[in-house]
Amino acid sequence: MKVHKRLLSLLVLFQMVTIQSQTNKVPKLVVGIVVDQMRYDYVYKYWDKFSEKGFKKLVNEGFFCRNAVYDYFPTYTGPGHASIYSGTTPSVHGIIGNNWYDYKTKKPVYCAGDWKSQTICFCKKPHLKEELDAGKKSPSLLLSTTIGDELKLKDSLSKVYSLSLKDRSAVLSGGHMADGAFWINPKGKWITSDYYCKEMPGWINDFHKENPIENYLKGSWELSNKKSVDLAELLKAFGPSYITSTPKGNDLILDFTKEIISKENLGSDSHTDLLSISFSSTDYIGHKYGPDSPEILSAFKLLDQNIAELINFLENEIGEENILVFLTSDHGVASIPTTLKSFNIPSGNVDVTAMKNKLDSLLNIEFGTM
């Protein structure tokens, strides 16, 4: 399979595999793309729906790793991003789930949570509690270094940035030494933590003014079953954060990606920079509608356009000979029981409440009520 100059695709959709370029030329910018909840088989399932400039370009003109597997469990967003960018597993990097219980403190733990950190944003004051809490994040629980950390240890002039709609995706991708990690708050505004900086870059405020959420959530979201969704009605009913559950969330990621490359001068010199991007809307849509839904099909067709536009932007702004791109996923998803049942495959839902009640009953019998 030919290599499109410096364009590399890690369409692994499982654990990241390290592949070295066949040339000795150092890229000016490495762009890592994680598509949240993208199953491996979507590459084949939606192949005929994709354009020639998006996913197909990465497959046809790069490397396609078909035989990679997860060697850990569970495969959630937190462990997935930590594993991709650290190159190791939860038993080593310490991110064993999105959430877990700390038996020492006897408290729940969030994989990117850090109550010592403070929210940095262009939010209106006084802050709402959820807005304040949205930025209390850092990679303090990540025990290993990441690609970005190793890059900056080698060359302190290299720049490392990460972004996602989700805080944990941005934080764990960026690593400990990132120059910036950005995610959105419940109002749909880009924010960060004082772990990274003491104040937001001014260009982000300009971005908010030029790209309000209302500009994205308008018109119709056309589905493959000839139905459509009124985006303005979703905004009215659920607020700006609902952009995450529509393909427009990926449009927002794309626009912010272009802006951060331009404003932070990524890929502009001989010091290799790293930009980590996580397209999160596919995960929100997948959880809401299921992996076999018209909504997911539409989301990936539109994401293919996003990928094509991003590649075109990178080639025009930085030069195709100066970029290295990989694409993978943090985890997949199982088909929902109703779909499986329609194909006569035995399936069902777990009654978590009943399971908990049974467990409590057995524990009371064995140990008594505390």
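Structure first, text after, so check above.
A. Examining the pairing of strand β3 (residues 107-110) more closely. For strand β2 (residues 99-102) and β3, the ladder comprises 4 bridges, and the chain directions are antiparallel. Residue pairing in the sheet places Asn99 in a bridge with Tyr110 of β3. From the end of β2 to the start of β3, which pair antiparallel, there are 4 residues, and Lys106 there has a positive phi angle of about 60 degrees.

B. Seen up close, helix α15 (residues 352-367). Here α15 spans 22 Å end to end across 16 residues, near enough to the 22 Å set by a 1.5 Å rise per residue. Put simply, Asp351 is the residue that caps the front of α15, since its side-chain oxygen is 3.3 Å from the backbone nitrogen of Thr353. Immediately beyond the C-terminal end of α15, within one or two residues, lies Gly368, with a positive phi of roughly 80 degrees.

C. Main features of the packing of helix α8 (residues 202-210) against helix α11 (residues 248-263). Interaxial distance between α8 and α11 falls to 11 Å at its minimum, and their mutual angle equals 145 degrees. Relative to α11, the crossing made by α8 is right-handed. On α11, the residues touching Trp203, Ile204 and Phe207 of α8 are Leu252, Asp255, Phe256, Glu259, Ile260 and Lys263. Here the contact of α8 with α11 is built from residues that sort into 6 nonpolar, no polar and 3 charged.

D. Structural context of the layout of surface pockets. Its boundaries defined by the atoms lining it, the second largest pocket holds a volume of some 430 Å³. Residue lining of the second largest pocket: 21 residues in total, with Tyr76, His287, Gly332, Val333 and Ala334 positioned closest to the centre. When residues of the lining of the second largest pocket are assigned to their parent elements, the largest contribution, 3 residues, is made by helix α12 (residues 281-289). Its residues assigned to classes, the lining of the second largest pocket comprises 8 nonpolar, 10 polar and 3 charged.

E. Just unusual backbone geometry, in detail. In this model, Phe73 is joined to Pro74 through a cis peptide bond whose omega is 10 degrees. Tracing the backbone through its elements, the reader meets Pro74 in the loop between α2 (55-61) and α3 (77-86). One non-glycine residue, Gln37, adopts positive backbone phi at about 65 degrees. As for its position among the elements, Gln37 is in the loop between β1 (29-35) and α1 (42-45). Using a relative accessible area of 1% as the deciding quantity, one classes Gln37 as buried. Not every positive phi belongs to a glycine, and Lys106 is a case in point at roughly 60 degrees. Relative to the helices and strands, Lys106 resides in the loop between β2 and β3. Judged by its relative accessible area of 58%, Lys106 falls in the exposed class.

F. The arrangement of empty space enclosed by the protein in detail. Across all of its chains, the model carries 2 cavities of 30 Å³ or more by this definition. Volume-wise, the largest cavity comes out at about 50 Å³. Each residue belonging to the lining of the largest cavity can be placed in one class, and the counts come to 5 nonpolar, 3 polar and 1 charged. Roughly 30 Å³ of internal volume is contained in the second largest cavity. Every residue along the wall of the second largest cavity is listed here: Val34, Tyr85, Ser162, Leu163, Ser164, Ser169, Ala170, Ser173, Ser276, Ile277 and Ser278.

G. Region of interest: the state of the cysteines. Taken as a whole and judged by the stated rule, the model has 1 disulfide. Paired by a disulfide, Cys121 and Cys123 hold their sulfur atoms 2.2 Å apart. Across the S-S bond of Cys121 and Cys123 the torsion is about -140 degrees, and the bridge reads as left-handed. Residue Cys121 shares its accessibility class with Cys123, and that shared class is buried.

H. How the structure looks around the sheet that holds β1. The 7 strands are arranged β4-β7-β6-β5-β10-β1-β11 in an open sheet whose pairing can be described as mixed. Edge positions in the sheet fall to β4 (119-120) and β11 (323-328), since each of these pairs with one other strand and no more. Here strand β6 (residues 180-184) pairs with strand β7 (residues 190-193) via 2 bridges, running antiparallel. Looking at the pairing, Trp183 lines up with Ile191 of β7.

Conventions adopted
- Residues numbered from 1 in each chain as written.
- Predicted model: local features only at pLDDT ≥ 70, side-chain atom pairs only at ≥ 80, totals over all residues.
- Heavy atoms only, no water.
- Pairing = 2+ DSSP bridges.
- Helix = DSSP H or I, 4+ residues; strand = E, 2+ residues; numbered from the N terminus.
- Expected span 1.5 Å × (residues − 1).
- Polar contact = N/O pair within 3.5 Å; in protein donor to acceptor, adjacent residues only side chain to side chain.
- Axes fitted to C-alpha atoms, helices over the stretch in contact; angles between N-to-C directions.
- Left-handed = near helix turned anticlockwise from the far one by under 90°.
- Contact = heavy atoms within 4.5 Å.
- Nonpolar A, V, L, I, M, F, W, Y, C, P; charged D, E, K, R; others polar.
- 1 Å grid on protein atoms, 1.4 Å probe; cavity = no way out; pocket = protein on both sides within 12 Å on 5 of 7 lines; lining within 4 Å.
- Points joined across faces, edges and corners; volume = space filled by probe spheres on them.
- Buried < 20%, exposed > 50% of the residue type's maximum accessible area, 1.4 Å probe, protein only.
- Disulfide = S-S within 2.5 Å.

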